Amino acid sequence: MNTIDSLLMNELNPSQKEAVETTEGALLILAGAGTGKTKALTSRIAYIIEQKIASPHQILAVTFTNKAAKEMLERVEKYVSASGMWIGTFHSICAKILRSNAERIGLYTNFNILDQDDSTKLLKGIMESKGIDIKKYPPKFILNVIQSWKDKCISYLDAKPVKNRPNEEIAAKVYEEYQLKLRATNNMDFGDLILYVVQLFQIHPDVLETYQDRFLYIHVDEYQDTNIAQYMFVRMLAEKHKNICVVGDDDQSIYGWRGAEVDNILNFHNYFPGAKVIKLEQNYRSTQNILSAASSIISNNSERLGKSLWSAGDLGEKIYLTKLYNDLEEADFYGKVIKHLSFNGVSFSSIAFLVRASFQTRAIEESLVRHGIPYKVIGGLKFYERLEIKDAIAYIRATMNPNDDLAFERIINVPRRGIGDNTIKQIHNFGMLNKLSFFQSICEMLKNDILPKRASDPLTKLVAQFISWQEDSKNMPHYELVEKILTDSGYVGMWKEDKNKDSSARLDNLKEFYRALQEFDSMENFLEHVSLVSTNDDEILGNHVSIMTMHGSKGLEWEVVMLPGWEEGLFPSLRDGDSERDLQEERRLAYVALTRARKKIFISSVGRRRIYNTFQDSIPSRFITELPQQICTILTLNSLYTPEVFTKGLEVKKPSVLESSSSKVTDSDGNIKLGTRVFHVKFGYGKVMSMSDDSAYVYFDHAGLKNVKTSFLERH
């Protein structure tokens, strides 16, 4: 064994070494979180080159981000020269193939690749030319439907809309013209890059064979995140020599909502008969207790290949659980915990909050501000920087001070009122000449009949609304006034009518905004508070607590992870009509969140969470009941809750939601109790999750979680 070979192999554990040395045939490296999958993959590539099994130009390595591709290349070149190797994202690899072969399918090799904005503009023009209402059917959403078809390798010839899904019906009507327009202008969108390569390979087998003979060894990273088109691309390339190595973790497949197909990895052995599976189970990131927690939850999923993560290190600290009265107390609790950790030497940058829904961040952000803790929202905007919140604040500022030009100009045409740029410019010029504010200029121009009628009518209505709101502010609670403003102005209605997938999240944020207002005794105090929150920049470069969604956290890690909001309905986030498969993806999300932590995990739930001005009773997430009690410890806040209160919730053994057999868990006299299978005349069959004196929370098979009177339940 030479020096390079020895150095490479000495850094690997037995499973990684086996993966590196298994060079022939189809191989699935089933790599758990933190098990060194990138080291195994890059070492395997380096080994193939170093052992002269293949030259670099005969190796293909595909991943999902340019950053990951760059890191892979750097790691390979730590050992050997990789000059000539094709390594990149699916899109960059496919673009490279098309640059050389586009003319074979009637395209030009100097094509342009449109980004999301340009693709949306192109589609918008087509929809308008067909008389389609773009307010009712936003082009961005229709484009998402088209892209989802392309992710499945469905061309406009084969696209079949699902019945009673109007957005798919609209997408089917414009897909062909959109595609023809792209070709006519020598453009492609990102979905075309893979779709056209698959079509190229299907139509011209000689082109496929050229690339099959070139790429003798194919490697795919993050295989659990591949969609159908990506799977077809790599399968066609590997069909001749069968030397394909994919690395992934079925337990971390959390992007089903954007086209990822978990079946690609679950059925790898079926798609590539004789494939070998090597499991990487030794974790180098987390303590054993953290790994045990994650493994315990994910073991409840039926659709998985199965593995057991372990660590050679200490057991570590137990998982900290706490149940609090409401979300405000929850946020304050975390502020106090972080202050305590900081006092004991834990840096802010080693702490992260991972939330299921973006609206959860508002209370957390404000608690961190109160406690003087720097933070940064990763992969998203801080609560008060979000578009809908800034719009709402602009309405408030313009109501309190009509001469606030910045605020008034922001909302003058939100929602659309038919006030064009020329009219706005005319108002500006009038104000500059007469030294008037924007609002004063509108009033004067309306008074003197200077504005055209198409602009004067909506502006007259808007001015009247602001005058009315100013009068209302004298005798109406400020939080009720804001709800009235955003409703009367049509702003809330605008988002309700918007079919974009982001709209429901924006409405949730507005509900949270109403709630935030109620925590202040006046509008002035609230606006002052917002200013303080918005200017809470971290003065210590890089030393801040991170706040992000669970989905955005994949691939990252921290010493300490905070997991608030583990309650039924919030996490898992299930809606009517969701399936067992949806639940399993939520459980995989829990697994990902837990395995981001190296040393400490704090999980919390609340008894009451305020949503849209009303408190809703909550029960702890079923995922909490799936944690082993022996590795958990209960934390309390100000002695308001005894350990027994929460432990009682932990003792409930949650049966499978969709279990078909009848439960035998009843009192000796046959009364309903926790875990009992029941029937309700309206909601059908379900399982009892929690009980009070005369009511119970029941998770119904088709209706989801409901709070019902026990007198209306029949034991099944």
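One can find the structure itself at the top, above this paragraph.
It should be emphasised that the depicted structure is a prediction, and the values quoted were computed from it without experimental measurement.

Participant: Just to check I follow, could you spell out the overall build of the chain for this structure?
Facilitator: Counting secondary structure elements, the chain contains 28 helices and 21 strands. Taking all contacts inside the chain whose residues are at least 6 apart in sequence as the whole, residues at least 24 apart take part in 73%. Accessible surface, the chain: about 32200 Å² in total, of which carbon and sulfur atoms supply 50%.

Participant: For this particular structure, what's the right way to read the pairing of strand β9 (residues 319-326)?
Facilitator: Taken residue by residue, a regular strand's side chains alternate between the two faces of the sheet. Within β9, six of the eight residues are buried, which leaves it mostly tucked inside the rest of the structure. Looking at chain direction, β9 and strand β16 (residues 632-634) are connected through three bridges and run parallel. Bridging across to β16, Tyr 320 finds its partner in Thr 633.

Participant: Teacher, can you tell me more about the packing of aromatic side chains here?
Facilitator: Aromatic rings considered in pairs are described by the distance between their centres and by the relative angle of their planes. Tallying each qualifying case throughout the model produces 29 aromatic pairs. Note on Tyr 395 and Phe 466: the rings are 6.4 Å apart at their centroids and 15° apart in plane angle, and the pair reads as stacked. Residue Tyr 395 is found in helix α17 (residues 387-400), and its partner Phe 466 is found in helix α21 (residues 453-472); the two are separated by 71 residues along the sequence. The same class applies to Tyr 395 as to Phe 466, namely buried. With centroids separated by 5.3 Å and ring planes inclined at 70°, the aromatic side chains of Phe 408 and Phe 439 adopt a geometry described as edge-to-face. Placement of Phe 408 in helix α18 (residues 405-411) and of Phe 439 in helix α20 (residues 438-447) is noted, with a sequence separation of 31 residues between them. Note on Phe 439: relative accessible area 10%, which makes it buried. In this structure an aromatic cluster arises from ring pairing among Tyr 395, Phe 408, Phe 438, Phe 439, Phe 466, Trp 469, Tyr 491 and Trp 495. Across from the ring centre of Tyr 255, 3.9 Å away, lies the NZ or CZ of Arg 258, which sits over that ring.

Participant: Please clarify how the packing of helix α2 (residues 14-21) against helix α3 (residues 37-50) should be interpreted in this entry.
Facilitator: How two helices sit against one another is set out by the angle between their axes and by the gap between those axes. Interaxial distance between α2 and α3 falls to 8 Å at its minimum, and their mutual angle equals 40°. Between α2 and α3, the crossing angle belongs to the class labelled oblique. For α2 against α3, the interelement crossing comes out right-handed. Contact residues: Gln 16, Ala 19, Val 20 and Glu 21 in α2; Lys 39, Ala 40, Ser 43, Arg 44 and Tyr 47 in α3. Considered class by class, the residues forming the contact of α2 with α3 number four nonpolar, two polar and three charged.

How each quantity is defined
Residues numbered from 1 in each chain as written. Predicted model: local features only at pLDDT ≥ 70, side-chain atom pairs only at ≥ 80, totals over all residues. Heavy atoms only, no water. Helix = DSSP H or I, 4+ residues; strand = E, 2+ residues; numbered from the N terminus. Contact = heavy atoms within 4.5 Å. Areas by Shrake-Rupley, 256 points an atom, 1.4 Å probe, with all protein chains shown as cover. Buried < 20%, exposed > 50% of the residue type's maximum accessible area, 1.4 Å probe, protein only. Pairing = 2+ DSSP bridges. Phe/Tyr/Trp six-rings, centres within 6.5 Å; stacked < 30°, edge-to-face > 60°. Lys NZ or Arg CZ within 6 Å of the ring centre and 35° of its normal. Axes fitted to C-alpha atoms, helices over the stretch in contact; angles between N-to-C directions. Parallel < 35°, antiparallel > 145°, perpendicular 65-115°, else oblique. Left-handed = near helix turned anticlockwise from the far one by under 90°. Nonpolar A, V, L, I, M, F, W, Y, C, P; charged D, E, K, R; others polar.

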